Amino acid sequence: MKSSAIAHSNIALIKYWGRSRDHDPNLNIPSNDSISMTKLGLSDDIHLQTRTTIDFSDIYEEDTAILEGEVLTERRLERILRVVNPLRKIANIGYKFKMMSENDFPTQAGLASSASGFAALAIAAADALGIDFSKEEISTIARLGSGSAARSIHGGFVYWNKGNSHETSFARQICGSDEFDMSVVIAIIHEGKKDVTSDVGHESAYTSPFDRVRISKSQEQAKDIEKAILDDDFSEVGKISEENCKYMHAVMMTSNPPLFYWHPNTLKLIKSIQRIRKESLECYFTIDAGPNVHCLCRHKDIYELEKKLEEMECVDKTIIARPADDSYVTREHLF
Ligand code: PMV
């Protein structure tokens, strides 16, 4: 009972930050709707994807999960089990598993490796166990590992409806990868692992006095940006994305304990992106739970923008990406 899947990471345009306090925190039901673009890296070696293979068999005496060659223990293994156990229960199969997973991009650098990772795991595990789930149902299972993984099941532009139960909190596609022209240059200024993972950061969002405002604003912005995507209005999408990103970082910085994901060079990049927008080409920033900056643009501008950002001394490297297609099952196994 072996299967493999490939899923891509995503960048949130409307951010998920903080779990709903009305539900079991382990369900990862968010306090607001969110929207993202699933990313396909355009260089030869970085497609911004995770490949995961899982095998269920009576030859295994215990559940083993290996990420990038490292055997996972404690909380990290527990998160894998949160995805696999409900599927084992549905399939009524008690076998232990061996899982291996590899990313073709830096893990935990704010590039959403957990999104692609748990999306690939949910798809591979359901397929290996012979469960015939819709994409929406798979999305609910991926969400149990990491909220943003709910969105990486789909390609293109994706809307995660916060819902009010496990069954109703899933992502759906707004439009496919070719239906809205937007690409992204990711400016990497720091590749190290972050001090506080988003999984932990979500727990303190509610302590910020700005949390309520961010939640209600995000609900409005999610509706507005969905419309702008469908209307092919890049300026509006960019403008709302920047605003929503600032709201999230304001909440992070004013939570207890406070979370400062930005580095000094993050602000430098924000200023540069504003300058580039004024002087030459239309682009907008957004930043997840890390110091690196995603710069949104129309596809025709991507190489010029990449060059401008690469020229900045504080930028270690750039990754360019366009919307990816849906995640999928593959027969190319890791073991
Ligand atoms: O899915 P998590 O628990 O890694 O949370 C993702 C949080 C952000 O990346 C900051 C925002 C988002 O919506 O992806």
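The structure under discussion appears in the preceding block.
Residues numbered from 1 in each chain as written. Predicted model: local features only at pLDDT ≥ 70, side-chain atom pairs only at ≥ 80, totals over all residues. Heavy atoms only, no water.

**Points about the packing of helix α1 (residues 74-91) against helix α2 (residues 113-128)**
Worth spelling out the cut-off: Axis lines are fitted to C-alpha atoms, over the contacting stretch for helices. Their N-to-C directions set the angle, which ranges from 0 to 180 degrees. The secondary structure listing takes helices from DSSP runs of H or I that are at least 4 residues long and strands from runs of E that are at least 2 residues long, numbered from the N terminus. In what follows, roughly perpendicular refers to angles from 65 to 115 degrees, roughly parallel to angles under 35, roughly antiparallel to angles over 145, and oblique to any angle outside these ranges. Take the far helix as your reference; a near helix turned counterclockwise from it by less than a right angle gives a left-handed crossing, and one turned clockwise gives a right-handed crossing. The contact rule is simple, with two residues in contact once any of their heavy atoms fall within 4.5 Å. Each residue is assigned to one class: nonpolar for Ala, Val, Leu, Ile, Met, Phe, Trp, Tyr, Cys and Pro, charged for Asp, Glu, Lys and Arg, and polar for all the others, Gly among them.
Relative to each other, α1 and α2 sit at 25°, their axes nearing to 10 Å. With respect to each other, α1 and α2 are oriented roughly parallel. Regarding α1 and α2, the two cross each other, and that crossing is right-handed. Across from R79, I80, V83, V84 and L87 in α1, the residues of α2 making contact are S114, F118, L121, A122, A125 and A126. Partitioning the contact of α1 with α2 into residue classes produces nine nonpolar, one polar and one charged.

**Description of the site of the ligand**
What counts is decided by this rule: Definition of nearness: a residue and a molecule or strand are near each other if at least one heavy atom of the residue lies within 4 Å of the molecule or strand. Throughout this description, a polar contact denotes any pair of N or O atoms lying within 3.5 Å of each other; where both atoms belong to protein, one of them has to be capable of donating a hydrogen while the other can accept it, and for residues adjacent in sequence the pair is counted only when both atoms sit in side chains. Here the Shrake-Rupley method, with its probe set to 1.4 Å, supplies the accessible areas, and only the displayed protein chains count as covering residues.
Among the 14 residues in the neighbourhood of the ligand, the closest are listed as Y16, S146, S148, R151 and S198. S146 has a polar side-chain atom sitting 2.8 Å from an oxygen atom of the ligand. G147 places a polar main-chain atom, nitrogen or oxygen, 3.4 Å from an oxygen atom of the ligand. Considered on its own, the ligand offers 380 Å² of accessible surface; in the complex 95% of this is hidden by protein. Along the lines of polarity and charge, the residues of the shell around the ligand split into five nonpolar, six polar and three charged.

**A few points about the pairing of strand β12 (residues 293-297)**
For clarity, the cut-off: Each residue is placed in one exposure class: buried if its accessible area under a 1.4 Å probe, protein chains only, is under 20% of its type's maximum, exposed if it is over 50%, and partly exposed if it falls in between. One requirement defines pairing of two strands: DSSP has to find at least two bridges between them.
Buried residues dominate β12, accounting for five of its five residues. With burial as the criterion, each face of β12 is covered, one bearing V293, C295 and C297 and the other bearing H294 and L296. For strand β10 (residues 183-188) and β12, the ladder comprises five bridges, and the chain directions are antiparallel. Residue pairing for β12: A187 is matched across the bridge by V293. As paired strands, strand β11 (residues 283-286) and β12 are joined by four bridges and run antiparallel to one another. Along β12, the bridge assignment pairs Y284 with L296. Linking β11 to β12, which pair antiparallel, is a turn of six residues.

**Comments concerning the side chain of S3**
Mapped onto the fold, S3 is located in strand β1 (residues 2-8). In this structure the side chain of S3 is engaged in a polar contact, spanning 2.7 Å, whose partner is the side chain of D127. Leaving out residues up to four positions away in the same chain, S3 has contacts with T52, T53, I54, A124, D127, A128, V329, R331 and H333.

**With respect to the environment of G156**
Along the chain, G156 falls in the loop between α3 (135-145) and β8 (157-160). Judged by its relative accessible area of 0%, G156 is buried. Along the sequence, G156 and L87 sit 69 residues apart, while their C-alpha atoms lie 26 Å from each other. Excluding its chain neighbours within four sequence positions, the residues that come into contact with G156 are S36, M37, T38, Q173, C175, G176, S177, P323 and A324.

**So, the nonpolar core**
Applicable threshold: The set of buried Ala, Val, Leu, Ile, Met, Phe, Trp, Tyr and Cys residues whose side-chain atoms join them within 4.5 Å is what this entry labels a nonpolar core.
In this structure, I54, F56, I80, F97 and L121 are the most contacted members of the largest nonpolar core, which totals 34 residues. The set of elements that each furnish at least two residues to this core consists of β1, β4 (49-57), β5 (64-67), α1, β7 (96-103), α2 and α3. If you tally residues by element for this core, the top one is α2, at 10 residues. Residues within four places of L121 in sequence aside, it is in contact with T52, I54, I80, V83, V84 and M99. If you look at the next biggest cluster of nonpolar residues, it comprises 28 residues, including F180, I186, A228 and L296.

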